[in-house]
Amino acid sequence: STWGLLMDSGAGVRHALSPRVQAALDAVCEPENKLTIGGKKLKGCELDTILEELQHTAVESLEFTTVLEPEVMGKLLDALPQLAIEKLALTGVPVSLSDASALSRTLGASPHICDLRLYKNKLGDRGLGALAAGLGASGLTTLFLGENLIGPEGLQSLAPALVHTQITQLALFSNQIGTEGARALAVALPSTRLRVLHLGSCVIGDEGGRLLAPALPASTLEELRLDSNRLDAPAGIEIARVLPDTQITFLSLSDNRLGDEGGRALAATIGLAPLRRLVVRDNGIGAALMAVLERERG
């Protein structure tokens, strides 16, 4: 391994690098060039060594699955503009409102970061609002915000901000954005660059599905996931009606309530659409109709 076993505290005293950090550093390898740091709270001195080593390596993806104290989080965000990191993931790492504001500024100063994945960070609506304020100045093309306590208010901040970004992939699964969140997305969608949109388990309801449908033909979406959203037949019918005029090649509507009525509407139009794969399991649709709907298309 090229990773050093010792680090300097800055006061001339050298300490053995903790086993979990050493193991993570040693595990960095081709082709992913990904470094993942987990376990207990990360100490400031441990982060210092990681940042120093990252200056001399080809690590492209950095993930933290451990608690970062405010001082450590601040140090990390300050350092990112000087690193060659392209992907940053914070999984289960609490992100406060001040952290979100700092992250927003960091993204603006780090155009090399194109992929940001935040999962289970308790970001909330205010945190998302703070993050969204800087997205236009960032180089992000992928943004994951799964299970982050985001509601309609957060979407009302994020949706208009997306118009001024380069983001092509957005995941909002397992957030309660509701009908109003879907409404905000529908307004912004035609003016974004989104190609992939993941809204699974976002409680948009049938009305939310019907609001999104008219925005789809004017969008650049190629993949849309609306699983587990309490969609009924009317939403299925509206989505089916516009499908031939969209660019969508993958559509997942599993675990909703489309029934045979929604299924028949989809069956009548999917042959006219660019769709290559449709997923509609767990919708109360009969077996014969399911076989028609879920077969692979060229």
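Anyway, here's the lowdown on the structure attached to this text.

Reading the values: the criteria
- Residues numbered from 1 in each chain as written.
- Predicted model: local features only at pLDDT ≥ 70, side-chain atom pairs only at ≥ 80, totals over all residues.
- Heavy atoms only, no water.
- Buried < 20%, exposed > 50% of the residue type's maximum accessible area, 1.4 Å probe, protein only.
- Helix = DSSP H or I, 4+ residues; strand = E, 2+ residues; numbered from the N terminus.
- Arc of directions from axis to C-beta.
- Contact = heavy atoms within 4.5 Å.
- Pairing = 2+ DSSP bridges.
- Right-handed = clockwise from strand over helix to strand, strands pointing away.

### Structural notes on helix α6 (residues 152–162)
An α-helical segment advances 3.6 residues per turn. Residues three or four places apart therefore align on the same side.
Phase 1 of the analysis: Considered for burial, the residues of α6 that qualify are G154, L155, L158, A159, A161 and L162. Down the axis of α6, the buried set is contained in an arc of 165 degrees. They therefore lie on one face.
Phase 2 of the analysis: Contacts made by the buried residues of α6 are with α5 (124–132), β7 (142–144), β8 (169–171) and α7 (178–188).

### As for the environment of I285
Phase 1 of the analysis: Mapped onto the elements, I285 comes out in the loop between β12 (277–279) and α11 (287–293).
Phase 2 of the analysis: The exposure class of I285 is buried, given its relative accessible area of 12%.
Phase 3 of the analysis: In the structure, I285 is positioned 24 residues away from E261 in sequence and 8.4 Å away in space, judged by C-alpha atoms.
Phase 4 of the analysis: Those residues within four positions of I285 in sequence are excluded, and the remaining contacts are G259, D260, G263, V280, M290 and L293.

### Some points on the environment of K122
Phase 1 of the analysis: In this structure, K122 sits in the loop between β6 (115–119) and α5.
Phase 2 of the analysis: Taking the C-alpha atoms as reference points, K122 and I150, separated by 28 residues in sequence, lie 8.4 Å from one another.
Phase 3 of the analysis: Setting aside residues no more than four positions away along its own chain, K122 makes contact with V95, N148 and L149.

### Details of the pairing of strand β5 (residues 87–91)
Phase 1 of the analysis: Relative to β5, strand β4 (residues 61–64) runs parallel, the two being bridged by 4 bridges. Within β5, the residue paired with E63 across the bridge is A89.
Phase 2 of the analysis: Handedness of the β4-helix α3 (residues 70–79)-β5 crossover: right-handed.
Phase 3 of the analysis: In terms of strand pairing, β5 meets β6 through 5 bridges, oriented parallel. Along β6, the bridge assignment pairs L88 with L116.

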